[in-house]
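Take a look at the letters that make up each chain.
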Amino acid sequence: MVPAIVRCTVVAGSLLITPTLAGAQADRLADGRTPQFAGQDSATVLARARTAQASFERFRFARLPRSYGGSSGRCDETIGRFCFFFSDKEEGDQPPPEPPVIAERRRGLLADFAQASAVLPGDAWIAGQRVRYLVEEGDDDGAVAAARACQAERWWCAALEGMALHEAQRFDQAEQAFGAALDAMPAEERARWTDVEVLLEPADKRAWRTVADTDRARLLRRLWWLADPLWSEPGNDRLTEHYARWTMDRIQQRARQVDVVRWGDDLTEILLRFGWFTAWERQEPTSPSNGQGSGIGYHEPRTWEFIPPLTTVRDPTRLRGDEWPLSEPEPTVTRYAPEYARHIMALPHQLAVFPRRGAALLVAGYALPEDSLPADARLHAALVAMDDVGGIRTESPWQPQAASGALYVELPTPNTVISLELREDSTRSVARRRQAVAWDAEARVSDLLLLAHPDARPVEVMEAARIARGSAILAPGERVGVFWEMYDVEASDSVQVRVGLIPGRAAWGRRRLEAIGIVKGARTVRMGWNEGMEAGPVVGRSLSVGIPAGLRPGDYTLEVTVTAPGMPAATARRPITVRRAD
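The present account deals with the structure reproduced in this document. (Residues numbered from 1 in each chain as written. Predicted model: local features only at pLDDT ≥ 70, side-chain atom pairs only at ≥ 80, totals over all residues. Heavy atoms only, no water.)

Points about the overall build of the protein
Then comes step 1: When its secondary structure is counted, the protein shows 15 helices and 22 strands.
Then comes step 2: Classification of the 582 residues of the protein by burial places 53% in the buried group.
Then comes step 3: When the accessible area of the protein is evaluated, it comes to approximately 25700 Å², of which 50% is carbon and sulfur surface. (Helix = DSSP H or I, 4+ residues; strand = E, 2+ residues; numbered from the N terminus. Buried < 20%, exposed > 50% of the residue type's maximum accessible area, 1.4 Å probe, protein only. Areas by Shrake-Rupley, 256 points an atom, 1.4 Å probe, with all protein chains shown as cover.)

Here's the deal with empty space enclosed by the protein
Then comes step 1: Throughout the structure, instances matching the rule amount to 1 cavity of 30 Å³ or more.
Then comes step 2: Considered as a void within the structure, the largest cavity measures approximately 120 Å³ in volume.
Then comes step 3: What lines the largest cavity is a set of 14 residues, and nearest its centre among them are Arg444, Met486, Val489, Val562 and Met567.
Then comes step 4: Sorting the residues of the lining of the largest cavity by element identifies β17 (479–489) and β21 (554–563) as the ones contributing at least two each.
Then comes step 5: Here the residues of the lining of the largest cavity are counted per class, giving 10 nonpolar, 1 polar and 3 charged. (1 Å grid on protein atoms, 1.4 Å probe; cavity = no way out; pocket = protein on both sides within 12 Å on 5 of 7 lines; lining within 4 Å. Points joined across faces, edges and corners; volume = space filled by probe spheres on them. Nonpolar A, V, L, I, M, F, W, Y, C, P; charged D, E, K, R; others polar.)

Overview of the state of the cysteines
Then comes step 1: Inspection of the entire model under this criterion finds 2 disulfides.
Then comes step 2: The side chain of Cys75 participates in a disulfide bridge whose partner is Cys83; the two sulfur atoms lie 2.0 Å from each other. Where Cys75 bonds to Cys83 through sulfur, the torsion about that S-S bond is close to -130°, and the disulfide is left-handed.
Then comes step 3: According to the relative accessible area criterion, Cys75 is partly exposed, its value standing at 34%.
Then comes step 4: Put simply, Cys150 and Cys157 are joined by a disulfide, and their sulfur atoms are 2.0 Å apart. Disulfide Cys150 to Cys157: torsion about the S-S bond roughly -60°, handedness left-handed. Here the two residues Cys150 and Cys157 agree in accessibility, since each one is buried.
Then comes step 5: The cystine pairing of the protein, numbering bonded cysteines in sequence order, is 1-2, 3-4. (Disulfide = S-S within 2.5 Å.)

Structural notes on the layout of surface pockets
To find the voids left in a structure, one rolls a probe of water-molecule size over its atoms.
Then comes step 1: Within this model, the largest pocket holds a volume of roughly 1200 Å³.
Then comes step 2: What lines the largest pocket is a set of 50 residues, among which Trp276, Phe277, Thr278, Ala279 and Glu300 lie closest to the centre.
Then comes step 3: Looking at the lining of the largest pocket residue by residue, the class counts come to 26 nonpolar, 10 polar and 14 charged.
Then comes step 4: The calculated volume of the second largest pocket comes to roughly 530 Å³.
Then comes step 5: Forming the walls of the second largest pocket are 21 residues, and the residues nearest its centre are Leu351, Gln435, Arg573, Arg574 and Pro575.

With respect to the nonpolar core
Then comes step 1: Core analysis: the biggest nonpolar cluster contains 94 residues, and Val131, Met163, Trp193 and Trp224 have the highest contact counts within it.
Then comes step 2: Element by element, the count of residues in this core is highest for helix α6 (residues 154–167), at 9 residues.
Then comes step 3: Counting 30 residues, the second largest nonpolar core, distinct from the first, contains Ala472, Val480, Met533 and Val560. (Core = buried A, V, L, I, M, F, W, Y, C linked by side-chain atoms within 4.5 Å.)

Description of the sheet that holds strand β13 (residues 415–424)
Then comes step 1: Across the sheet, 5 strands lie side by side as β7-β14-β13-β10-β11; this open sheet has mixed pairing. At either end of the open sheet lies a strand with only one pairing partner, and these are β7 (343–345) and β11 (393–395). For this sheet the average axis-to-axis angle between neighbouring strands, irrespective of direction, equals 25°.
Then comes step 2: Summarising the sheet, strand β10 (residues 379–386) and β11 pair through 3 bridges and their orientation is antiparallel. Across the sheet, Ala385 pairs through a bridge with Thr394, a residue of β11. (Pairing = 2+ DSSP bridges. Axes fitted to C-alpha atoms, helices over the stretch in contact; angles between N-to-C directions.)

Some words on the pairing of strand β6 (residues 294–298)
Then comes step 1: Of all 5 residues in β6, 5 are buried, a share of seventy percent or more.
Then comes step 2: Residues Ser294, Ile296 and Tyr298 point to one face of β6 and Gly295 and Gly297 to the other, with burial holding for every one of them.
Then comes step 3: Looking at chain direction, strand β5 (residues 279–284) and β6 are connected through 5 bridges and run antiparallel. Bridge pairing links Gln283 to Ser294 in β6.

What to know about unusual backbone geometry
Then comes step 1: Despite not being glycine, Arg428 has its phi angle at roughly 50°, a positive value.
Then comes step 2: A positive phi is found at Asp488, a non-glycine position, where the angle reads about 55°.
Then comes step 3: With respect to the helices and strands, Asp488 occurs in strand β17.

A short note on the pairing of β21
Then comes step 1: By the criterion of burial, β21 is predominantly enclosed, with 7 of the 10 residues buried.
Then comes step 2: One ladder, built from 9 bridges, connects β21 with strand β22 (residues 570–578); its direction is antiparallel. Bridging from a neighbouring strand, Thr557 pairs with Pro575 of β22.

Remarks on the packing of helix α5 (residues 140–148) against α6
Then comes step 1: Interaxial distance between α5 and α6 falls to 8 Å at its minimum, and their mutual angle equals 165°. Comparing the axis directions of α5 and α6 gives the class roughly antiparallel. The handedness of the crossing between α5 and α6 comes out as left-handed. Residues Asp140, Ala143, Val144, Ala147 and Arg148 of α5 form the contact with α6, whose own contacting residues are Cys157, Leu160, Glu161, Ala164, Leu165 and Glu167.
Then comes step 2: The residue makeup of the contact of α5 with α6, split by class, is 7 nonpolar, no polar and 4 charged. (Parallel < 35°, antiparallel > 145°, perpendicular 65-115°, else oblique. Left-handed = near helix turned anticlockwise from the far one by under 90°. Contact = heavy atoms within 4.5 Å.)

The following block contains the structure:
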């Protein structure tokens, strides 16, 4: 199952307006007459604005694209009155286009709200509806201007501005606006908006309820820090999306709905978990005896889960990098579709840490398949490292704009979370790798860094970083360069260097079994020689390794062990994958 599209239909028993009544009422209110607001008292202005909004939704429902037939009977999840299910299609179900007559009528409604807002700029309901329909119309700048013209309660106007700025992809400004709204809103409302229990897996919900109040604020900040899709971009759009959903929830509470269903806690949950619907369809029954039809609401066809597990929130050093799968076999608790990311891809990469006194250097190589990008791709790569939310942040000064490349960043502490990110703007594609990285200040040898040029012999890490290979995927028969560093080295005329290619990922038990010949299957390859070694606090070495042509595809560990007289052996390792070229 590809969870790409979410569709919602009312279950049996919910009251829906009949198609005949909806169409007749809409026609009577669509004859060119517009409500008059100037010179009216506030109660009349508000009543006429409510009538205009209800009239539009009746008009919309009567003219929605129609499908025929009953429900398939399948529900991935039942939320209150609603059956919720995900598409099996790779790109999701594409909703039918909105009829132009609905867009034309919406523009008339917006003109009504502009008049009503001019007469009652301090009315919260009118301000909210105006911003909502401007967002729906795609007029993000108009929505921002309308929110800034709001003269209702300060916190509500700030929330509307935050929602409009979020929709305009001005996430850093949206975050500031929502911060102002939270500071000014009533305590009870703020507690609702900042509660994340509805976003968590069932086991995490139970655990969240046991979190002490003294720890909850810290964990909440860390959850949103980890949920931020791109650290290299200003603002946290997953956080502002959450607050925009709360804003929309309040807008919807006293408004007419497309399908006439009253707003309730179930719709609030659907909104908070999956966002608001972006398109509608009207499903007609197969016969009059089967009911009066229902509304089908569509979300964006490509959405993803960004909320991290609570175990990772408690301890980010446990972040492995696979907590956000890009192809989920089952429905998830929440979904979000960033406007800038219509596709999110896996990012082939390699990471290598080079310790320094009091700090470390991380080199990251990446390589996207050329066939995954357009010929005129507009790429932006970034590498960000942070030790915790609100902590030390470092970012790579290199910003390559190619399908493959390398970046480096200083790691501020021995336990750091890094985010390797790539954006392609023309296709709105994103690739990302986020994981924890740990390093030992007392290490005598660095990680192994694979090089794109097998004959290169760099002796300094920045020289090696510029030619870092994009991933650790190699083909049988391929040659690859390898670079590593050793620390606090004493000069010697006879240093033993051993290179091994061992089946499986690095694990002491398997290496021991391989050594005594118990583990069978893919073969272990070893070679060694003696050479001289100069002294120094940091000594860089490089060599070329050939992958045997007959080597069975699979996971291996590349090891380089250096043994000097009077010193314990030091081993550097690199997990690799051997895969036949297509």
